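# Structural description and commentary
Residue strings, one per chain:
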Amino acid sequence: MLMDPITTDFENDLDKIIDQLDFIEIIRKFSSCTYAQEDITEFQFLKEAIDVHERTKKLHGNLPLVSGTLILYTCGRFEMMTRTLFEDLCQRLVTKAGTFSRLPKKMRDNLPIYTAMVISEPRKFGHAENGVRTFVTTLASNLAIDAAVDRVNHECLSVTDANMRADVLSDLFGRVGVAAIWTQISEQAALKIHFQSSDSKQVEAKAKRKLNELMELRNKIAHPSGEFDWPSIQSLRDYIDLLRLLARAMAELVGMYELTLCQAELPVGGEKS
C-alpha cells in the first residue's frame, strides 16, 4: 500500500534525524579512541583524523546540545506534519461534501470561530492583511444559503497555540467531528507491538504519556533553567519510533474520516433522521 505523501515526507525527515544521531554516537566513540603519534606522522589522512579526534574530545561534553537541537526540530516537524494531515483531511471533506451544509456539524460550527480568531490577530498566526481578506471572503461564501463549497479556511481551523501534546492533538481533530482519536490510534496493531500490549486502553495511556514527555522535554530544552539531565541517544530513538508510528496511524485514520464524517445527502424534500 502506498503511504500518504505527507507521512512519507515526515518519515524522510525522521530518517535524517536518525542519521544525525548515528553521527553523534560515532563522534562520541571516536573521541574515546587512543593513538600513537609516532605511528601516523607520514599519513595526511590520519593527521586530519587526529585533528577531528582532538576537537571532538574538547566538544564531547557539549554533544548533548547537538541532540537537544534535534529534539526541538523533531517536535516542530511532528507538529507541522500533524497540522498538514489535519488540513488535508479538511480539504478532503470539502471535496466529498460539495456543499457547506453537508460538512460535519462540528466543522461548520468551528470554522467561523477559528476564522474570527485568526482575523482578529492575523500576525500572531503568521498571516498578513491579504490573508485576512481572503479568509473573510471565503467564510462569507461558505455561509451563503445553499452554498456550494470548494474550499474552507482550513488554515484557520488548524491553528494551535501550544505544543502538540496528546490533548492538543485530540482537540485539533475534534474540530471537524473526530471523536476519541486516541482510542482509534491505540487500536492500531503497530502501536500495540511497540508497547508490547494487546490492551488498547493501556496502549492509549502509554502513547499519550510518551508524547507528553517528549513535548515536556522540548520545553525544558527550549527554556532551560537550573540543572537538566540530557536524554540518551537511545531514548531519542524511542521517541522517534513513536512519532513514526503515530504519523502512520493518523494517515490511515484520515482516509477513514474522509469516508465517514460528512453528513448524508438528504433526498429531495426529506429530513435527516
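Coordinates for the structure precede this section.
Now for a look at the structure at hand.

Conventions we followed
- Residues numbered from 1 in each chain as written.
- Predicted model: local features only at pLDDT ≥ 70, side-chain atom pairs only at ≥ 80, totals over all residues.
- Heavy atoms only, no water.
- Helix = DSSP H or I, 4+ residues; strand = E, 2+ residues; numbered from the N terminus.
- Contact = heavy atoms within 4.5 Å.
- Areas by Shrake-Rupley, 256 points an atom, 1.4 Å probe, with all protein chains shown as cover.
- Phe/Tyr/Trp six-rings, centres within 6.5 Å; stacked < 30°, edge-to-face > 60°.
- Buried < 20%, exposed > 50% of the residue type's maximum accessible area, 1.4 Å probe, protein only.
- Salt bridge = Lys/Arg side-chain N within 4 Å of Asp/Glu carboxyl O.

### Observations regarding the overall build of the protein
- Across its full length, the protein holds 11 helices and 0 strands.
- Of the regular secondary structure in the protein, the N- to C-terminal order runs α-α-α-α-α-α-α-α-α-α-α.
- Long-range pairs, those at least 24 residues apart, make up 73% of the contacts in the protein with a sequence separation of at least 6.
- When the accessible surface of the protein is summed, it comes to about 15,400 Å², and 54% of that surface belongs to carbon and sulfur atoms.

### Quick word on the environment of histidine 127
- Relative to the elements of secondary structure, histidine 127 occurs in the loop between helix H4 (105-120) and helix H5 (129-143).
- Considering only alpha carbons, one finds histidine 127 and glutamate 155, 28 residues apart in sequence, at a separation of 9.7 Å.
- Discounting chain neighbours no more than four positions away, the residues touching histidine 127 are Val118, Pro122, Phe135 and Glu155.

### Quick word on the packing of aromatic side chains
- Within the structure shown, the criterion is met by 2 aromatic pairs.
- Geometrically, the ring pair formed by phenylalanine 10 and phenylalanine 78 is tilted, given 6.1 Å between the ring centres and 50 degrees between the ring planes. Of this pair, phenylalanine 10 sits in helix H1 (residues 5-31) while phenylalanine 78 is found in helix H3 (residues 63-97), placing the two residues 68 residues apart along the sequence. Across the pair, phenylalanine 78 and phenylalanine 10 agree in class, each one buried.
- Ring geometry for phenylalanine 86 versus phenylalanine 173: centroids 5.5 Å apart, planes at 85 degrees, classification edge-to-face. Here phenylalanine 173 lies in helix H7 (residues 166-174) and phenylalanine 86 lies in helix H3, a separation of 87 residues in the sequence.

### Quick word on the pattern of salt bridges
- The final tally for this structure, using the stated rule, is 13 salt bridges.
- For glutamate 11, the salt bridge goes to arginine 248, with nearest N and O atoms at 2.6 Å. You can see glutamate 11 sitting in helix H1 and its partner arginine 248 sitting in helix H11 (residues 233-260), a full 237 residues away along the chain.
- Taking relative accessible area as the criterion, glutamate 11 reaches 6% and is therefore assigned buried.
- A relative accessible area of 37% means that arginine 248 is categorised as partly exposed.
- Linking glutamate 258 and arginine 92 is a salt bridge whose minimum nitrogen-to-oxygen distance equals 3.1 Å.

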